Amino acid sequence: MKRAAFSFLSLSLGISVLGAHRSTPIAASKPLPARPLERAAGSLARALAAVMPRATTTLSTDAGDVDRAALRKKVRREATGTYISDILLERDSSVARWPDRHGVPLTVWIQPRSSVPDFEPGFVTQVREAFEQWDALHLPVRFSFVDDSAHAEVHVRWIDHFDEPISGRTRWSRDDDWLITDGNIILAVHHYQGELLDEDAMRAMALHEIGHLIGLDHTTDTLSIMAPRVRVRSLSDADRATARLIYSLPAGPLN
Ligand SMILES: [Zn+2]
């Protein structure tokens, strides 16, 4: 399998977790105004139009025959309750995902210690919990933790803060077939402006970044963990449904 020479930067740059103080309840975060329905409908219509069949031909690829018309039909049928349309808009109607690992988990190393001021070992626990929440979906990509970074396929590291208004970043690479080959996550201990992240916020941020790691992209649904500005603290039904739908599709373009 040929591997693309470039590294793909996931669109995770907008993340910023609110309610960063330990004593700040999530409900104290100022909610975003509701998304106008007509805008949502327009967005969905555009996305679904993008996966509407242009011609009902069966295309042949190196990976075998892929009936893209049938895939687009499946996506249209199963899009309800997901934000697959948001992702397809960002990805030029292509699905990026890890290959089916046939029960072999991805090895994940989480940096266990850090000299970053205010770093707490509890952050490591929160990131592990975040991986476990995604793992509970039993997708074709599962996770296991390793102590040796040299033997890990995924690395999670800590920094003090980013030099831009984000709190986490995920970079992954894919091959020519849109299969993700490796990924790394960086989490900040402090917000851009210096506020310390609490453990709940750290877990939410990790949930968001792991979403990117498995191939999800941002959604306009502010009640989901994949909103660019994370305002919730756990996976939504839409997060789960979108991940399941992606992993029921082959990687690659739907058009
Ligand atoms: Zn993001």
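Here the structure is a predicted model, which is why all the values come from computation and not from measurement. (Residues numbered from 1 in each chain as written. Predicted model: local features only at pLDDT ≥ 70, side-chain atom pairs only at ≥ 80, totals over all residues. Heavy atoms only, no water.)

What follows is about the overall build of the protein. Counting its secondary structure elements, the protein contains six helices and 10 strands. Taking all 255 residues of the protein together, the buried fraction comes to 49%. Restricting to contacts in the protein with at least 6 residues of sequence separation, those with at least 24 account for 77%. Carbon and sulfur atoms make up 53% of the accessible area of the protein, which totals about 12200 Å². (Helix = DSSP H or I, 4+ residues; strand = E, 2+ residues; numbered from the N terminus. Buried < 20%, exposed > 50% of the residue type's maximum accessible area, 1.4 Å probe, protein only. Contact = heavy atoms within 4.5 Å. Areas by Shrake-Rupley, 256 points an atom, 1.4 Å probe, with all protein chains shown as cover.)

To continue, consider the nonpolar core. Formed by 58 residues in total, the largest nonpolar core has its most connected members in Phe-131, Trp-134, Trp-158 and Ile-214. Elements with a minimum of two residues in this core: α2 (68-78), α3 (84-90), β5 (106-110), α4 (121-135), β7 (154-159), β9 (180-188), α5 (199-213) and α6 (237-246). By residue number, the principal contributor to this core is α5, which donates eight residues. Not counting chain neighbours up to four residues away, the residues in contact with Trp-158 comprise Ile-110, Gln-111, Ser-114, Val-116, Phe-119, Phe-123, Val-124, Val-127, Leu-187, Val-189 and Met-202. (Core = buried A, V, L, I, M, F, W, Y, C linked by side-chain atoms within 4.5 Å.)

So, on to the pattern of salt bridges. Summed over the entire model, instances satisfying the criterion amount to eight salt bridges. The closest approach of N and O atoms between Arg-77 and Glu-78, which form a salt bridge, is 3.9 Å. What makes Arg-77 exposed here is its relative accessible area of 56%. By relative accessible area, which is 31% here, Glu-78 ends up partly exposed. Salt bridges sharing partners connect three or more residues here, namely Lys-74, Arg-77 and Glu-78. (Salt bridge = Lys/Arg side-chain N within 4 Å of Asp/Glu carboxyl O.)

Another aspect to go through is the packing of aromatic side chains. Under the criterion given, the structure shown has five aromatic pairs. Note on Phe-123 and Trp-158: the rings are 6.0 Å apart at their centroids and 35° apart in plane angle, and the pair reads as tilted. Of the two residues, Phe-123 sits in helix α4 while Trp-158 sits in strand β7, which places them 35 residues apart along the sequence. For the residue pair Phe-123 and Trp-158, the accessibility class agrees, reading buried in each case. Taking NZ or CZ as reference, Arg-174 lies 3.7 Å from the ring centre of Trp-178, over its face. (Phe/Tyr/Trp six-rings, centres within 6.5 Å; stacked < 30°, edge-to-face > 60°. Lys NZ or Arg CZ within 6 Å of the ring centre and 35° of its normal.)

On to the environment of Gly-122. Mapped onto the fold, Gly-122 is located in helix α4. Residues Gly-122 and Glu-199, 77 residues apart in the sequence, show an inter-C-alpha distance of 6.9 Å.

Of all residues in the protein, 75% have pLDDT values of 70 or greater, and the mean over the chain is 81. When the criterion is pLDDT under 50, residues 1-42 qualifies, and its contacts beyond four places in sequence or with other chains add up to 91 contacts. In this model, residues 52-63 is a region of pLDDT below 50 whose contacts with residues beyond four sequence positions or in other chains number 19 contacts. (pLDDT = per-residue confidence, 0-100.)

Here the focus is the coordination of the zinc ion. Summarising the metal site, the zinc ion is bound by the protein donors His-208 (NE2), His-212 (NE2) and His-218 (NE2), whose distances to it range over 2.0 Å. Sequence spacing of the donors to the zinc ion: H-x3-H-x5-H. In terms of burial, His-212 and His-218 fall into one category: buried. (Donors = N, O, S within 2.8 Å, 3.2 Å for Na, K, Ca; no water.)

A positive phi is found at Asp-92, a non-glycine position, where the angle reads about 55°. Relative to the elements of secondary structure, Asp-92 occurs in the loop between α3 and β4 (94-95). Its relative accessible area of 66% is what places Asp-92 among the exposed residues. A positive phi is found at His-138, a non-glycine position, where the angle reads about 55°. By the element assignment, His-138 lies in the loop between α4 and β6 (143-145). Since its relative accessible area comes to 56%, His-138 is described here as exposed.

The next thing to look at is α4. The end-to-end C-alpha distance of α4 is 22 Å, a good match for the 21 Å that 15 residues give at a rise of 1.5 Å each. Among the residues making up α4, those that are buried are Gly-122, Phe-123, Val-124, Gln-126, Val-127, Ala-130, Phe-131, Trp-134 and Asp-135. On its buried face, α4 is in contact with β5, β6, β7, β9, α5 and α6. (Expected span 1.5 Å × (residues − 1).)

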